[in-house]
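Summary of structural features
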Amino acid sequence: MADITRALVPWDELREAAPDLRAGVYDGVAAPPADLSGVEMYVLPYAKEHGPELIAGMPKLRVLQTLNAGYEELLPLLPDGVTLCNGRGLHDASTAEHALALILAAQREFPKWVAEQREHRWTREHTGSLADSRVLIVGYGSIGAALDVRLAACEADVVRVARRPRPDEGVHGVDELPALLPEADVVVLIVPGGPDSAGMIGARELALLRDGALVVNVGRGPVLDTAAITAETASGRLRAALDVMDPEPLPADHPLWDAPGVLITPHVGGGSATFYPRAKRFVAAQLQRFTAGRALRNVVVGG
Ligand SMILES: NC(=O)c1ccc[n+]([C@@H]2O[C@H](COP(=O)([O-])OP(=O)(O)OC[C@H]3O[C@@H](n4cnc5c(N)ncnc54)[C@H](OP(=O)(O)O)[C@@H]3O)[C@@H](O)[C@H]2O)c1
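Notes on the structure in this doc start here. (Residues numbered from 1 in each chain as written. Predicted model: local features only at pLDDT ≥ 70, side-chain atom pairs only at ≥ 80, totals over all residues. Heavy atoms only, no water.)

**Quick look at the packing of aromatic side chains**
- According to the stated counting rule, one finds 4 aromatic pairs in the structure shown.
- Taking 4.2 Å as the distance between ring centres and 35° as the angle between the ring planes, the aromatic pair formed by Tyr-46 and Phe-275 counts as tilted. Note that Tyr-46 is positioned in the loop between strand S3 (41-43) and strand S4 (63-65) and Phe-275 in helix H7 (residues 275-292), a separation of 229 residues in sequence.
- Residue Tyr-46 is classed as buried on the basis of its relative accessible area of 12%. (Phe/Tyr/Trp six-rings, centres within 6.5 Å; stacked < 30°, edge-to-face > 60°. Helix = DSSP H or I, 4+ residues; strand = E, 2+ residues; numbered from the N terminus. Buried < 20%, exposed > 50% of the residue type's maximum accessible area, 1.4 Å probe, protein only.)

And the structure:
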């Protein structure tokens, strides 16, 4: 009985955080412990292909902790009565920084300068800017607020949109989008995935944008209709900077790779160096709360 593993965590140093749980380690790469029958709390490996398939072998599971902010893909795998906690907040700095980097790179045409550097060419030309641009943040939650702070420092004019309006915070409701899209220079999508948001920005919404507007997606790929943004960028009417895609990975022969004014990163927004220390501190505290029977943070199902 004394040796039963009551928690499974992705990093070895977390085992010290709550010794009573006798945590085993599974990083999504090396083999997990053989006996998972006593696991009550499972912290999924981050950004690995493997992890969720172990849930089925944990009959005593009480808490599933994902380190992602998005969790819609876990819902079908969650056994009845198991609490699900997400990683809301852990990615704010990293994802907001990535969104800002994409916007600045696109506005100041860094892909062009990188190509010019490769050719050893000194061709001077002035570019657009972020300062004085109107930036529409669609999905004004935890990451959206972190991006807002960064955009304010860049002297952008920020307009905020969430599912429901929050007038006291200057946040518009999503039903106001048709009136807001035509006024935007940059639209940043930070909306969670799932059936409610799939195809939310399609051909009709993109058609409302000004010529030359920039569409940034750091939320979930299916929120933006891939065929529609491919058509609008292939014609050169709109530009795009995309960290998430539908499908992922984007097939090597997809026309979006070569469309003019398109900047692509492979879903790396949330996982930069700043994420890992924050995630480890958060999980250590969650394990201690679980051991002490205190309320867990970031509960999104059950509790
Ligand atoms: N690129 C990356 O590597 C990366 C990293 C981390 C997260 N993400 C993605 O970013 C998403 C947001 O993370 P977060 O921590 O900021 O989440 P959050 O705090 O829950 O905020 C989500 C925001 O989106 C709004 N929203 C939800 N559904 C909507 C809809 N159908 N239409 C319009 N707005 C909608 C919500 O509005 P209400 O407040 O009115 O409900 C809320 O303001 C995650 O779910 C994840 O998919 C990506």
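**Examining helix H1 (residues 92-107)**
- Look at H1: 22 Å from first C-alpha to last across 16 residues, which is about the 22 Å you get at 1.5 Å a residue.
- Along H1, 13 of the 16 residues are buried, which leaves the element largely enclosed by surrounding structure. (Expected span 1.5 Å × (residues − 1).)

**Concerning the pattern of salt bridges**
- Inspection of every chain in the model, using the stated rule, returns 16 salt bridges.
- Among the salt bridges present, the one from Asp-12 reaches Arg-15, with a minimum N-O distance of 3.4 Å.
- Look at Asp-12 and you get partly exposed, because its relative accessible area is 46%.
- For Arg-15, a relative accessible area of 40% translates into the label partly exposed.
- With its nearest N and O atoms 3.2 Å apart, the salt bridge here joins Arg-166 to Glu-169.
- Residue classification places Arg-166 among the partly exposed positions, given a relative accessible area of 27%.
- Each of Arg-6, Glu-40 and Arg-62 takes part in a single network of salt bridges with overlapping partners. (Salt bridge = Lys/Arg side-chain N within 4 Å of Asp/Glu carboxyl O.)

**Structural notes on the nonpolar core**
- Leu-136, Val-138, Val-187, Leu-189, Leu-206, Leu-209 and Leu-224 are the most contacted members of the largest nonpolar core, which totals 28 residues.
- Counting only elements with at least two residues in this core, the list comes to strand S6 (134-138), strand S7 (157-162), helix H4 (177-180), strand S9 (186-189), helix H6 (226-234) and strand S11 (239-242).
- Judged by nonpolar contacts, the second largest core, of 27 residues, contains Ile-137, Val-186, Leu-214 and Leu-263. (Core = buried A, V, L, I, M, F, W, Y, C linked by side-chain atoms within 4.5 Å.)

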